[in-house]
Amino acid sequence: MPNQRYRLVIVGSGTGGVSVAARMMKSGQFKQGEVAIIDPAKNHYYQPLWTIVGAGVYDKKVTKKKQNDVIPNGVEWIKHLVSEFKPDENLVMLDNGDLILYEYLVVAAGIQIDWNKIAGLEGNLGKNGICSNYSFDYVDKTWEFLKKTKAGDNLVFTQPPMPIKCAGAPQKIVYLADDFLRKNGLREHVKIDFNLAGPGIFGVPKYKAALEKVLEEKKLQPNYEHNLVEVRAAEKIAIFEHKGERIEKKYDLLHVVPPMSSPDFIKRSPIADEGGWVDVDKYSLQHKKFSNIFSLGDCSSLPTSKTGAAIRKQAPVLVKNLLSLMKGDSLSAKYDGYASCPLVTSYSTCILAEFGYDGKIMETFPFDQAKPRRSMWILKAYLLSPMYWYGMLKGRA
Ligand SMILES: Cc1cc2nc3c(=O)[nH]c(=O)nc-3n(C[C@H](O)[C@H](O)[C@H](O)COP(=O)(O)OP(=O)(O)OC[C@H]3O[C@@H](n4cnc5c(N)ncnc54)[C@H](O)[C@@H]3O)c2cc1C
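Quantities reported herein were computed from a predicted structural model and do not represent experimental measurements. (Residues numbered from 1 in each chain as written. Predicted model: local features only at pLDDT ≥ 70, side-chain atom pairs only at ≥ 80, totals over all residues. Heavy atoms only, no water.)

Draft legend 1. Local environment of the sheet that holds strand β15 (residues 245-250). Across the sheet, which stays open at both edges, the three strands sit in the order β13-β14-β15 with antiparallel pairing between neighbours. Looking at strand neighbours, the two that pair on one side only are β13 (227-232) and β15, the edges of this open sheet. Within the sheet, the average angular offset between the axes of one strand and its neighbour, ignoring direction, is 30 degrees. Judged from the six bridges that link them, strand β14 (residues 237-242) and β15 form a sheet pairing that is antiparallel. (Pairing = 2+ DSSP bridges. Helix = DSSP H or I, 4+ residues; strand = E, 2+ residues; numbered from the N terminus. Axes fitted to C-alpha atoms, helices over the stretch in contact; angles between N-to-C directions.)

See the structure below:
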């Protein structure tokens with residue numbers, strides 16, 4: 001017997017979950033209490049700003065709001081984790097064993113950060129030069145350690161195997177560190193060592209070429225196919241796997257971007273594809289097997305970049321199709337794979353990458369967005385955040 005029942009249940013109150021909830025409530029199709037959002041997280045974060053918080057542009061506090069302030073009025077908030085999906089019975093089970101019955105389900109539980117996949121890292125994050133922009137708790141440590149850099153130091157940066165959320169973020173902090181050191185007359189005396197698990201700097205050829213130029217201009221020579229596997233924190237040594245060999249590097253600052261994967265409770269569920277992601281049609285966002293389930297964002301199987309910008313275009317498609325399904329109409333809205341990545345290249349410039357499925361360029365502005373520009377920095381640093389809180393999360397943008 002279910003403990004509670006709702007017309008629509010949304011799993012995850014992050015970017016995707018709140019965007020969908022807001023649009024659903026705006027549609028006028030739901031009465032108070034007919035929609036529930038399940039997530040134990042007390043706070044909601046605007047994660048894209050963490051890149052520049054780590055470089056000292058903002059205090060991390062500006063990226064956080066109380067979950068209560070972003071969950072739309074009329075939506076019930078269930079403060080638990082979902083532990084199991086039972087799609088044949090239209091049920092989800094919570095971590096306290098309660099069963100929630102739904103007519104329609106949207107899964108937006110984000111991506112899982114697998115810190116434990118790097119041996120020796122646990123307990124050492126935020127200490128002795130180890131930091132990460134991928135965690136609200138430690139993002140300020142990046143800036144704290146960067147400020148302490150002195151001549152002769154070795155700054156090591158990492159990028160794990162794909163997929164990760166915001167594939168551009170690991171390199172943005174490298175460019176910001178470079179610029180910070182230049183401004184302080186230290187760049188010539190400090191080594192920046194950028195190690196990427198993959199074979200290239202970016203997936204989309206147009207932006208890859210532009211970023212290779214940025215690297216060249218900054219005299220940065222990334223080490224491709226170098227995957228961080230272990231940290232020996234007491235000795236300040238990072239160990240990378242490179243073509244079957246283990247390479248040890250001494251560091252003074254180690255910026256770790258952790259490996260990521262689909263959340264475990266999705267991986268082991270009947271709604272996952274072979275890779276562990278929620279198995280949805282890439283155009284309609286409807287589950288391939290269970291027609292009353294939809295998914296968007298980082299936990300979905302959508303073959304595009306895992307970004308909030310992608311969710312901005314996915315949410316209206318999902319909502320339109322779900323409302324059509326409820327009315328018995330065919331699903332006509334199509335997602336074209338749009339994603340965007342503001343690739344910050346210094347404290348005053350940014351390349352705005354915008355692309356769709358198969359790397360199709362989908363730029364908004366009437367100029368070449370692969371060129372680093374001040375206008376795109378202004379967009380990234382000052383305009384996108386209010387657009388997120390007051391546009392996207394309110395179902396307006
Ligand atoms: C450093 C950094 C820089 C970034 N830069 C950019 C950028 O410049 N541009 C851009 O567009 N994007 C950027 N992103 C990516 C963007 O923030 C994410 O892609 C986006 O937030 C994903 O939204 P989501 O709804 O899929 O997941 P999230 O917003 O992460 O939300 C997932 C929610 O699900 C909840 N949850 C997890 N498991 C369960 C469970 N079992 N039961 C219930 N709830 C659960 C979590 O508590 C969380 O609240 C960046 C991210 C980071 C970390």
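Draft legend 2. A look at the side chain of Asp-279. Structurally, Asp-279 can be placed in the loop between α7 (264-267) and β18 (293-295). By relative accessible area, which is 18% here, Asp-279 ends up buried. Excluding residues within four positions of it along the chain, Asp-279 makes contact with Ile-271, Ala-272, Asp-273, Gln-286, His-287, Lys-288 and Ser-301. (Buried < 20%, exposed > 50% of the residue type's maximum accessible area, 1.4 Å probe, protein only. Contact = heavy atoms within 4.5 Å.)

Draft legend 3. The arrangement of the site of the ligand in detail. Around the ligand sit 34 residues in total, of which Thr-15, Gly-16, Asp-39, Val-82 and Ala-309 are the nearest. Between the ligand and Lys-306, the relevant distance is 3.5 Å, taken from an oxygen atom to a main-chain nitrogen or oxygen of the residue. Within the side chain of Lys-380, one N or O atom sits 3.2 Å away from an oxygen atom of the ligand. Relative to its free-state accessible area of 1,000 Å², the ligand is covered by the protein chains to the extent of 90%. (Near = heavy atom within 4 Å. Polar contact = N/O pair within 3.5 Å; in protein donor to acceptor, adjacent residues only side chain to side chain. Areas by Shrake-Rupley, 256 points an atom, 1.4 Å probe, with all protein chains shown as cover.)

Draft legend 4. Expanded view of the layout of surface pockets. Here the second largest pocket is characterised by a volume of approximately 620 Å³. For the second largest pocket, the lining is made up of 31 residues, of which Met-162, Ala-167, Gly-203, Thr-304 and Ser-305 are closest to its centre. For the lining of the second largest pocket, a count of residues per class yields 16 nonpolar, 12 polar and three charged. (1 Å grid on protein atoms, 1.4 Å probe; cavity = no way out; pocket = protein on both sides within 12 Å on 5 of 7 lines; lining within 4 Å. Points joined across faces, edges and corners; volume = space filled by probe spheres on them. Nonpolar A, V, L, I, M, F, W, Y, C, P; charged D, E, K, R; others polar.)

Draft legend 5. Expanded view of empty space enclosed by the protein. One pass over the structure, following the stated rule, counts two cavities of 30 Å³ or more. Considering the residues around the largest cavity, the lining is formed by Gly-297, Asp-298, Ser-300, Leu-302, Thr-304, Ser-305, Lys-306, Thr-307, Ile-311 and Gln-314. Grouping the amino acids of the lining of the largest cavity by side-chain chemistry returns two nonpolar, six polar and two charged. The calculated volume of the second largest cavity comes to roughly 30 Å³. Lining of the second largest cavity is provided by Ile-118, Thr-158, Pro-160, Asn-227, Leu-228, Val-257 and Pro-259. Looking at side-chain class alone, the lining of the second largest cavity contains five nonpolar, two polar and no charged residues.

Draft legend 6. Examining the domain arrangement of the protein more closely. Domain boundaries assigned for the protein yield domain 1 (4-111 + 262-332) and domain 2 (114-260). Averaged C-alpha coordinates put domain 1 and domain 2 at centres separated by 31 Å. In total, about 1,600 Å² of surface goes out of reach between domain 1 and domain 2, with carbon and sulfur atoms giving 67% of it. Counting the surface domain 1 buries against domain 2, the share from its top three residues, Trp-50, Thr-51 and Lys-60, is 35%. Joining domain 1 to domain 2, the criterion identifies one salt bridge. As a salt-bridge pair, Lys-60 and Asp-140 come within 3.3 Å of each other at their nearest N and O atoms. Taken together, the links from domain 1 to domain 2 amount to six residue pairs in polar contact (both at pLDDT 80 or more). Top contributing element to the side of domain 1 that touches domain 2 by residue count: helix α2 (residues 50-53), with four residues. Here the side of domain 1 that touches domain 2 is composed, by residue class, of seven nonpolar, six polar and four charged. (Domains from an automatic or database assignment. Buried area = accessible area lost by both parts, 1.4 Å probe. Salt bridge = Lys/Arg side-chain N within 4 Å of Asp/Glu carboxyl O.)

Draft legend 7. Quick look at helix α9 (residues 374-390). Relative to the 24 Å expected for 17 residues at 1.5 Å per residue, α9 spans 24 Å between its end C-alpha atoms, a close match to the ideal helical length. Where α9 bends most, the angle comes to about 45 degrees, and this point is Leu-383, followed within four residues by the proline Pro-386. (Expected span 1.5 Å × (residues − 1). Bend = angle between axes of the 7 residues up to and from the residue.)

Draft legend 8. Main features of a nonpolar patch on the surface. On the surface, Ile-378, Tyr-382 and Leu-383 cluster together into a nonpolar patch covering about 280 Å² of accessible area. Here Ile-378 shows up in helix α9. Ile-378 gets classed as partly exposed once you look at its relative accessible area, which sits at 32%. (Patch = residues over 30% accessible without salt bridge, like charges linked within 9 Å, V, L, I, M, F, W, Y side chains within 5 Å.)

Draft legend 9. Focus on the nonpolar core. Counting 115 residues, the largest nonpolar core has Phe-85 and Phe-202 as its most contacted members. Shared between two domains, this core holds at least three residues of each, these being domain 1 (4-111 + 262-332) and domain 2 (114-260). The residues touching Phe-85, leaving out its near neighbours within four places in the chain, are Val-11, Leu-91, Val-92, Leu-105, Val-107, Phe-265, Ile-266, Ser-269, Pro-270 and Ile-271. Formed by 13 residues, the second largest nonpolar core is a distinct cluster that contains Ile-118, Ile-130, Leu-228 and Ala-233. (Core = buried A, V, L, I, M, F, W, Y, C linked by side-chain atoms within 4.5 Å.)

Draft legend 10. View of the sheet that holds strand β11 (residues 154-159). As summarised here, the arrangement of the four strands in space is β10-β16-β11-β12, forming an open sheet in which the pairing is parallel. The open sheet is flanked by β10 (130-131) and β12 (191-196), the only strands paired with a single partner. Bridging between β10 and strand β16 (residues 253-255) involves two bridges; their strand directions are parallel. By the bridge assignment, Cys-131 is partnered in β16 with His-255.

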